[in-house]
Amino acid sequence: FFSRYELSLPIDLEGGNVYFLSILSAVVYTITGVIFYYGFNRLGKHYKNKLLTITSFIIMICITLFLLTLLMTMEYSFATHLNAIVVFIMSINGFFFGAGLFITKSSLATWYKLAGILQLMASPFFLIRTSITQLIGFWLCVPFLLLLLILVFKEYKQSHRPLPHS
């Protein structure tokens, strides 16, 4: 139906090459991830929690670096090593982010502590670069990320600001 040359995109609809979709999803993940953790950066400032403020900022930088290393991996083989370094930094930072969540003084302290514990449990699984340990880490991150979403929602509800009208 369409050929690669007619679309002038790196996508092959007949062969099932999803290169374009992979890049698009990585860019969307990066943008939404940075915005999401910016919220925790602001919460850290609001609650005067320097650990949460700094670690969420590091996560925003690492998410962006992760995208850049993924894009470079396609052209330069050394980028695979840079990617591994970024994942390692994010794993170490995850311990501190979890601790920052755990020590947050808020009326939602129980939710923060639970999210912090889950982050502290998941982080070690990304330090060991085997498929099974990283798979376990990813599965532990599902409830962790859901808790973070709940925290953002509950914090918003407590701010007593109505939703903006479109």
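Along each chain, residue indices are assigned from 1 in the same order as the chain's sequence is written. The predicted nature of this model means local features are confined to residues of pLDDT at least 70 and side-chain atom pairs, given and counted, to a pLDDT of 80 or more, with totals for whole chains, interfaces and linings taken over all residues. Excluding hydrogens and water, the side-chain values take into account all heavy atoms of the structure.

Caption draft 1: Fine view of the overall build of the chain. Counting its regular elements, the chain contains six helices and zero strands. Each residue's exposure class comes from its accessible area (1.4 Å probe, protein chains only) as a fraction of the maximum for that residue type: buried when under 20%, exposed when over 50%, partly exposed otherwise. For the chain, the proportion of its 166 residues judged to be buried stands at 32%. By definition in these notes, contact holds between two residues if any of their heavy atoms fall within 4.5 Å. The contacts of the chain with a sequence gap of at least 6 include a subset with a gap of at least 24, amounting to 56%. Method for areas: the Shrake-Rupley scheme with a 1.4 Å probe, in which residue coverage is limited to the protein chains shown. Summed over all atoms, the accessible surface of the chain reaches about 10,800 Å², with 74% contributed by carbon and sulfur. Each helix is a run of DSSP H or I of at least 4 residues and each strand a run of E of at least 2, with the numbering of both proceeding from the N terminus.

Caption draft 2: A look at a nonpolar patch on the surface. Like charges within 9 Å and nonpolar side chains (Val, Leu, Ile, Met, Phe, Trp, Tyr) within 5 Å are joined into patches, using only residues over 30% in relative accessible area that form no salt bridge. We count a salt bridge whenever a side-chain nitrogen from Lys or Arg sits within 4 Å of a carboxyl oxygen from Asp or Glu. A cluster of nonpolar residues, Y76, F78, L82, I85, F88, I89, I92 and F96, forms a patch on the protein surface that exposes about 740 Å² of accessible area. You can see I92 is positioned in helix α4 (residues 79-102). Residue I92 is classed as partly exposed on the basis of its relative accessible area of 31%.

Caption draft 3: Spatial organisation of α4. By definition here, a helix of n residues has an expected span of 1.5 Å times n minus one. Its 24 residues place the ends of α4 34 Å apart at the C-alpha level, agreeing with the 34 Å of an ideal helix rising 1.5 Å per residue. Residue G94 marks the point of greatest curvature in α4, where the axis turns by about 25°. For α4, the set of buried residues is A79, N83, V86, V87, S91, N93, G94, F97, G98, G100 and L101. One fitted axis covers the seven residues ending at a residue, a second covers the seven starting there, and the bend at that residue is the angle between these axes.

Caption draft 4: Geometry of the nonpolar core. Grouped together as the largest cluster of nonpolar side chains are 17 residues, with contacts concentrated most on Y37, F97, L101, A115, F144 and L148. Secondary-structure elements contributing two or more residues to this core are α2 (19-46), α3 (50-73), α4, α5 (109-127) and α6 (131-158). Aside from chain neighbours lying at most four places away, what touches L148 is F36, Y37, F40, F97, L101 and A115. Here, the term nonpolar core denotes a set of buried Ala, Val, Leu, Ile, Met, Phe, Trp, Tyr and Cys residues that are joined through side-chain atoms within 4.5 Å.

Caption draft 5: Up close: α3. Along its 24 residues, α3 runs 34 Å from first to last C-alpha, staying within 8% of the 34 Å computed at 1.5 Å per residue. For α3, the full list of buried residues reads L52, T53, T55, S56, I59, M60, C62, I63, L67 and T69. We define a polar contact as two N or O atoms separated by no more than 3.5 Å, with the added condition that, inside protein, one atom must be a possible hydrogen donor and the other a possible acceptor, whereas residues neighbouring each other in sequence contribute only through side-chain atom pairs. Between the side-chain oxygen at the start of α3 and the backbone nitrogen of L51 there is a gap of 3.3 Å, and the oxygen is on N49.

Caption draft 6: Representation of the confidence of the model for the chain. The quantity known as pLDDT measures the predictor's confidence residue by residue, on a range of 0 to 100. Per-residue pLDDT for the chain has a mean of 84; in total, 84% of the residues score no lower than 70. Across the chain, the element-wise mean pLDDT spans from 36 in helix α1 (residues 4-7) up to 94 in α5.

Caption draft 7: Highlighting the packing of aromatic side chains. Each Phe, Tyr or Trp ring, with Trp reduced to its six-membered ring, pairs with another whose centre is within 6.5 Å; inter-plane angles below 30 degrees give stacked pairs, above 60 give edge-to-face pairs, and intermediate values give tilted ones. Applying the stated rule across the entire model yields eight aromatic pairs. Residues F97 and F144 carry aromatic rings whose centres are separated by 6.5 Å and whose planes lie at 90° to one another, so their mutual orientation is edge-to-face. Here F144 lies in helix α6 and F97 lies in helix α4, a separation of 47 residues in the sequence. In this pair, the class of F97 matches that of F144, namely buried. It is K113 that lies over the ring of F102; its NZ or CZ is 4.6 Å from the centre. Charge-over-ring placement is defined geometrically: NZ (Lys) or CZ (Arg) within 6 Å of the ring centre, and within 35 degrees of the ring normal.

Caption draft 8: Representation of unusual backbone geometry within the structure. Positioned with a positive phi, K48 is a non-glycine residue whose angle comes to about 55°. Assessed through its relative accessible area of 74%, K48 is described here as exposed.

Caption draft 9: The arrangement of the packing of α3 against α4 in detail. Each axis is a line fitted through C-alpha atoms, and for a helix only the stretch in contact is used; angles between axes span 0 to 180 degrees, taken between their N-to-C directions. Put simply, α3 and α4 touch, their axes get as near as 9 Å, and they point 160° apart. If you check the angle between α3 and α4, you find them roughly antiparallel. Where α3 crosses over α4, the handedness of that crossing is left-handed. Here the nonpolar group is Ala, Val, Leu, Ile, Met, Phe, Trp, Tyr, Cys and Pro; Asp, Glu, Lys and Arg are the charged ones; every other residue, Gly included, is treated as polar. Taken together, the residues of the contact of α3 with α4 break down into 20 nonpolar, eight polar and no charged. Between 65 and 115 degrees an angle is taken as roughly perpendicular, under 35 as roughly parallel, over 145 as roughly antiparallel, and anywhere else as oblique. Handedness of a crossing is defined here by the sense of rotation of the near helix relative to the far one, left-handed for an anticlockwise turn of less than a right angle and right-handed for a clockwise turn.

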